Amino acid sequence: MQDFSMAFIGGGNMAGAIIGGLRQAGVEPARMLVVEPQAEQRERLRERFGVQSLAQPDASLGAIDVLVWAVKPQQFRQAAQGLRERAPGASDGLHLSIMAGVRCAAITRLAGARRVVRAMPNTPALIGRGVAGLVANPACGAAERARAEQVLAPTGELVWVDDEPALDAVTALSGSGPAYMFYVLEAMIAAGVGLGLPESVAQRLASGTMAGAAALAAGSPATPAQLREQVTSKGGTTAAALEVLGARDVAGAFDAALRAAARRAVELADALEREAGD
Ligand SMILES: NC(=O)c1ccc[n+]([C@@H]2O[C@H](COP(=O)([O-])OP(=O)(O)OC[C@H]3O[C@@H](n4cnc5c(N)ncnc54)[C@H](OP(=O)(O)O)[C@@H]3O)[C@@H](O)[C@H]2O)c1
């Protein structure tokens with residue numbers, strides 16, 4: 001159970017999912033504050049979770065232990081400026097960012113933060129089934145890492161990486177990953193329909209297969225390659241399909257796709273920094 005205070009800068013989808021999860025885990029609403037400019041959104045957060053909110057930062061944020069940055073990346077610059085002007089003491093807290101593509105150095109520079117943990121979640125976080133990569137800047141120690149984990153625990157699994165460039169790889173793999181899985185699902189459903197199955201049946205079969213295979217892989221000591229080999233008998237149906245996937249170099253396509261995503265993550269972070277530095 002948390003024994004520290006949190007303020008969410010931005011009270012949108014992700015902040016709502018985290019706050020909801022923390023409330024379910026028994027965290028008192030009094031420990032959480034939200035800064036959110038939209039009155040409707042503030043009212044919704046108060047009704048659903050009983051948390052207090054502010055339309056803009058005030059000096060009370062100076063006493064907060066963890067500031068969670070949950071605004072859109074392009075909103076960060078203005079939000080950081082507001083925080084510095086109205087709550088200069090907030091630079092002492094741990095700054096935990098879930099914003100895509102905003103580097104620790106930008107958070108240090110624009111928000112005046114010293115201790116920064118950056119997380120890259122993915123959309124299943126909204127139902128507590130996400131997986132996020134995390135990186136801490138050198139000013140953070142074990143206590144800061146533990147706090148970041150406690151705040152983000154409701155979003156799903158958390159995986160620490162050693163440095164910030166690795167977070168670009170995380171973005172390419174798991175950050176954008178749900179879209180690749182949806183793409184595979186779409187293709188399998190279309191193929192099932194092509195074989196004569198009703199779409200609703202193809203959808204249930206494809207989704208169930210993906211969920212079941214992922215659960216099997218997660219719970220098994222065998223590698224995905226071993227699991228694949230176990231269900232691929234020589235001359236059988238699976239072998240016939242895998243031969244086609246191999247011939248079309250689907251693995252190579254995934255490699256190129258993830259490289260493209262990682263490159264784009266770097267480009268977008270660079271662009272945000274250029275914009276913020278002008
Ligand atoms: N959704 C995901 O699955 C996911 C995955 C990975 C990373 N992320 C990251 O999580 C962050 C939040 O995403 P989201 O989907 O929760 O976005 P969102 O629903 O748009 O939430 C952002 C909220 O912050 C508010 N806001 C704007 N300017 C502000 C300011 N100066 N101070 C305080 N609040 C302000 C926005 O209000 P307005 O609507 O009025 O602008 C909005 O309600 C993003 O940086 C995104 O990159 C999200």
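Residues numbered from 1 in each chain as written. Predicted model: local features only at pLDDT ≥ 70, side-chain atom pairs only at ≥ 80, totals over all residues. Heavy atoms only, no water.

Right, let's get into the domain arrangement of the protein chain. Domain parsing of the protein chain yields domain 1 (6–161) and domain 2 (177–258). A separation of 36 Å is found between the C-alpha centroids of domain 1 and domain 2. (Domains from an automatic or database assignment.)

Glancing now at unusual backbone geometry. You will see that Asp 249, though not glycine, has its phi angle at about 50°, which is positive. Locating Asp 249 in the fold gives a position in the loop between α10 (237–247) and α11 (250–277). Under the relative-accessibility criterion, Asp 249 is labelled partly exposed at 45%. (Helix = DSSP H or I, 4+ residues; strand = E, 2+ residues; numbered from the N terminus. Buried < 20%, exposed > 50% of the residue type's maximum accessible area, 1.4 Å probe, protein only.)

Okay, the sheet that holds strand β5 (residues 94–97) next. Overall, mixed pairing links the eight strands, which are arranged β3-β2-β1-β4-β5-β6-β7-β8 in an open sheet. Two strands lie at the open edges of the sheet, namely β3 (52–54) and β8 (156–160), each paired on one side alone. The average undirected angle you get between the axes of adjacent strands in this sheet is 25°. Sheet analysis places strand β2 (residues 32–35) next to β3, joined by three bridges and oriented parallel. What sits directly across from Val 34, in β3, is Ser 53. (Pairing = 2+ DSSP bridges. Axes fitted to C-alpha atoms, helices over the stretch in contact; angles between N-to-C directions.)

Another point: the site of the ligand. Around the ligand sit 23 residues in total, of which Met 14, Glu 36, Val 71, Lys 72 and Gln 75 are the nearest. For the ligand, an oxygen atom lies 3.0 Å from a polar atom in the backbone of Asn 13. Take Val 35: an N or O atom from its main chain is 3.5 Å from a nitrogen atom of the ligand. For the ligand, the accessible surface in isolation is 890 Å², of which the surrounding protein chains cover 79%. A breakdown of the residues in the shell around the ligand according to their chemical character gives 13 nonpolar, eight polar and two charged. (Near = heavy atom within 4 Å. Polar contact = N/O pair within 3.5 Å; in protein donor to acceptor, adjacent residues only side chain to side chain. Areas by Shrake-Rupley, 256 points an atom, 1.4 Å probe, with all protein chains shown as cover. Nonpolar A, V, L, I, M, F, W, Y, C, P; charged D, E, K, R; others polar.)

Turning next to the layout of surface pockets. Considering only enclosed or pocket space, the second largest pocket measures out at about 980 Å³ in volume. Taken together, 36 residues form the lining of the second largest pocket, with Gly 10, Ala 70, Val 71, Lys 72 and Gln 75 sitting closest to its centre. Those elements that place two or more of their residues in the lining of the second largest pocket are α1 (13–24) and α3 (76–86). It is α3 that contributes the most residues to the lining of the second largest pocket, six residues altogether. (1 Å grid on protein atoms, 1.4 Å probe; cavity = no way out; pocket = protein on both sides within 12 Å on 5 of 7 lines; lining within 4 Å. Points joined across faces, edges and corners; volume = space filled by probe spheres on them.)

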